[in-house]
Each structure stands twice: as C-alpha cells, then as structure tokens.
Amino acid sequence: EPEVTQTPSHQVTQMGQEVILRCVPISNHLYFYWYRQILGQKVEFLVSFYNNEISEKSEIFDDQFSVERPDGSNFTLKIRSTKLEDSAMYFCASSAPVDRGNYGYTFGSGTRLTVV
Amino acid sequence: AQSVTQLDSQVPVFEEAPVELRCNYSSSVSVYLFWYVQYPNQGLQLLLKYLSGSTLVESINGFEAEFNKSQTSFHLRKPSVHISDTAEYFCAALRAGRRALTFGSGTRLQVQP
C-alpha cells in the first residue's frame, strides 16, 4: 500500500535555528498537508498546499513557517527560527484528487521535533 | 467554527469485551466525519469515514461508527476487542468545501488480557 514518508523521524535543534522537515507524499496525490501535535494536545492543522501554492492555513502557520514542493516528489516544512513551543510531532499528509466523496487522507509516521 | 470533543481520554477494557469511544462534533454546516487510529510510534491511519448515505459505517477490522445528526455524534464501537486494538483513537471532522481536518483530543484504548 502506498505510504507517505517523513524524514527524519526525530530531530533535535537549538532554539533560534532553522529546521526543514521533509515528506514524500503519495505520488498521484495532489493535496499536501502539515499537521502538528504538541505532546498531550490535539492534532492541529497547519497548512494545505495544492497546485504549488498554499490553499488554506491556520493561525498557527505564521511567518516563521513556510512550505515548498522543491521537486516532483518532496514536500517540505521550514521553520525559520525555532522556539521552544515548536517542539511537537509534525505529521505530513496527502490526499487524492478531489473526486466526489473522496477525502482519503494518508498520513506519514511523523517527525518529532525537539527544540532545546 | 467547528469543534470535535472526545470526552474520554482513556478507556480501559478487557479483551473480548465491547467498547464504545465517544465523539461529538459541533458545526453550523455539513461535515464529514472520520476516525483515525494511531499505534505506538506510527502515523495516523484512517479507520473509517462518514461522507453521506448510510449513517452506519464499518471498518475492515470490526469497528463501526454511526453518524447521528440529531445528537451530533459519531461514536465508535466494537463488539469484541482484541489486545491488538490497543492504540490511540482520534475522531476528526471536515467541513464541506474545506480541506483542514479538525481533530478531537484522542482516546487511548487499553485492552487488557
């Protein structure tokens, strides 16, 4: 079964440093997403990306965050200057073209980001 | 705005017993509803979804959920659980026309022998 692959599985970074979280979505999917889960809290939507641009974003997704699809296979989340409160599990997801009734999101296993 | 509430943070249950994980949602517009499961050190896997049609939906591993519009609920049930069902279960809602899932806080199902 096709998978969404995320790397690395765990990343430790110093406060103020830039980090890039990487994801390889399912090849024929067209929508890409980032979600995060702070330890002990809900999974929260960050951003959705379609046709090489952001289609929707949450209040969390401020100017320190950016997303990019640098080539035909990768989808990245960049955090420019990390803060302690950015420590969380970050999930990438992708979904198929919008057919009628098709909302099949596939999530990756996540990247645990620890900011120290 | 929409919200998803999972009142039970943990549900301990003995193997082969029935279980119900509760989920309530609030939304002023049509929503689609989902249950995801997260096994330890793994990602979120779609368990089942309600988009339209029959209000009772089933998964391949014996779980079922019923959409109840009047009670704004989408509770997850299984008549007989296995040790392997031990995991975190998340209810999620998607507003029609949007792409952002709203998740509940999760329920940890702990199946004991």
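Everything here concerns the structure above.
This one's a predicted model, so the numbers in the text were calculated from it and none came from an experiment. The residue numbering used here restarts from 1 in each chain and proceeds along that chain's sequence as written. Just so you know, chain letters begin at A and ligand numbers begin at 1, following the order they were written in. For a predicted model such as this one, the threshold for reporting local features is a pLDDT of at least 70, and the threshold for listing and counting side-chain atom pairs is 80 or more; totals across whole chains, interfaces and linings nevertheless cover every residue. With hydrogens and water stripped out, all remaining heavy atoms of the structure feed into the side-chain values.

**Looking at the layout of surface pockets**
To find leftover empty space, a probe the size of one water molecule is rolled over the atoms. Cavity means a closed set of points on a 1 Å grid over the protein atoms alone, one where a 1.4 Å probe fits but cannot get out, pocket means an open set with protein on both sides within 12 Å along at least 5 of 7 lines, and lining means a residue has an atom within 4 Å of a point. Grid points are joined across faces, edges and corners, and a volume is the space filled by probe spheres set on the points. Quantified by volume, the largest pocket comes out at close to 640 Å³. Strands are runs of DSSP state E lasting at least two residues, helices are runs of H or I lasting at least four, and both sets are numbered from the N terminus onward. Among the secondary structure elements, those contributing two or more residues to the lining of the largest pocket are β10 (105-107) of chain A together with β6 (44-50) of chain B. Take the lining of the largest pocket: its biggest share by element is four residues, from β6 of chain B. All amino acids are sorted into three groups, where Ala, Val, Leu, Ile, Met, Phe, Trp, Tyr, Cys and Pro are nonpolar, Asp, Glu, Lys and Arg are charged, and the leftover types, Gly among them, are polar. A breakdown of the residues in the lining of the largest pocket according to their chemical character gives eleven nonpolar, ten polar and two charged. Here the second largest pocket is characterised by a volume of approximately 510 Å³.

**Considerations on unusual backbone geometry**
For the bond running from Thr-7 of chain A to Pro-8 of chain A, omega is -10 degrees, close enough to zero to count as cis. Mapped onto the elements, Pro-8 of chain A comes out in the loop between β1 (5-7) and β2 (10-13). With a phi angle near 55 degrees, Asn-51 of chain A is a residue other than glycine that sits in the positive phi range. Note on placement: Asn-51 of chain A falls in the loop between β5 (43-50) and β6 (53-57). Using a relative accessible area of 60% as the deciding quantity, one classes Asn-51 of chain A as exposed. At Glu-16 of chain B, a residue that is not glycine, the phi angle is positive and equals roughly 75 degrees. Counting through the fold element by element, Glu-16 of chain B comes out in the loop between β2 (10-14) and β3 (19-21). Buried residues are those whose accessible area, probed at 1.4 Å on protein chains only, stays under 20% of the maximum for their type, while exposed residues exceed 50% and partly exposed ones sit between those limits.

**A closer look at the packing of aromatic side chains**
Note on ring pairs: Phe, Tyr and Trp rings are taken, using the six-membered ring of Trp, and paired if centres are within 6.5 Å. Classes follow the plane angle, with under 30 degrees stacked, over 60 edge-to-face and the rest tilted. Inspection of the entire model under this criterion finds 20 aromatic pairs over all chains. Both rings, one in Phe-61 of chain A and one in Phe-65 of chain A, keep their centres 5.7 Å apart while their planes meet at 25 degrees; by these two values the pair is stacked. Of the two residues examined, Phe-61 of chain A and Phe-65 of chain A, each falls in the buried class. Where Phe-107 of chain A meets Phe-103 of chain B, the ring centres are 6.1 Å apart and the plane angle is 75 degrees; that geometry is what we call edge-to-face. Taken together, the residues Phe-107 of chain A in strand β10 and Phe-103 of chain B in strand β11 (residues 102-103) connect one chain to another.

**Quick look at the pattern of salt bridges**
All names here are of chain B. Here, a salt bridge means any Lys or Arg side-chain nitrogen found within 4 Å of an Asp or Glu carboxyl oxygen. Applying the stated criterion across every chain, the model contains eight salt bridges over all chains. Arg-22 is paired through a salt bridge with Asp-8; the nearest N and O atoms lie 2.9 Å apart. Of the two residues, Arg-22 sits in the loop between β3 and β4 (24-26) while Asp-8 sits in the loop between β1 (3-5) and β2, which places them 14 residues apart along the sequence.

**Details of the interface of chain A and chain B**
Any two residues having at least one pair of non-hydrogen atoms within 4.5 Å are treated as being in contact. Counting residues at the interface gives 20 residues for chain A, matched by 19 residues for chain B. Both faces combined, the contact of chain A with chain B buries some 1800 Å², and carbon together with sulfur accounts for 56% of it. Between the two partners, chain A and chain B, sit one salt bridge. Note that Arg-98 of chain B and Glu-56 of chain A form a salt bridge whose closest N and O atoms lie 2.7 Å from each other. Throughout this description, a polar contact denotes any pair of N or O atoms lying within 3.5 Å of each other; where both atoms belong to protein, one of them has to be capable of donating a hydrogen while the other can accept it, and for residues adjacent in sequence the pair is counted only when both atoms sit in side chains. Linking chain A with chain B are seven residue pairs in polar contact (both at pLDDT 80 or more). Elements supplying a minimum of two residues to the side of chain A that touches chain B: β4 (31-37), β5, β9 (88-95) and β10 of chain A. Residue contributions to the side of chain A that touches chain B peak at four residues, all from β4 of chain A. The residue inventory of the side of chain A that touches chain B, partitioned by class, reads eleven nonpolar, seven polar and two charged. Here the quantity called buried area is the total loss of accessible area, with a 1.4 Å probe, experienced by two parts when brought into contact, counted for both.

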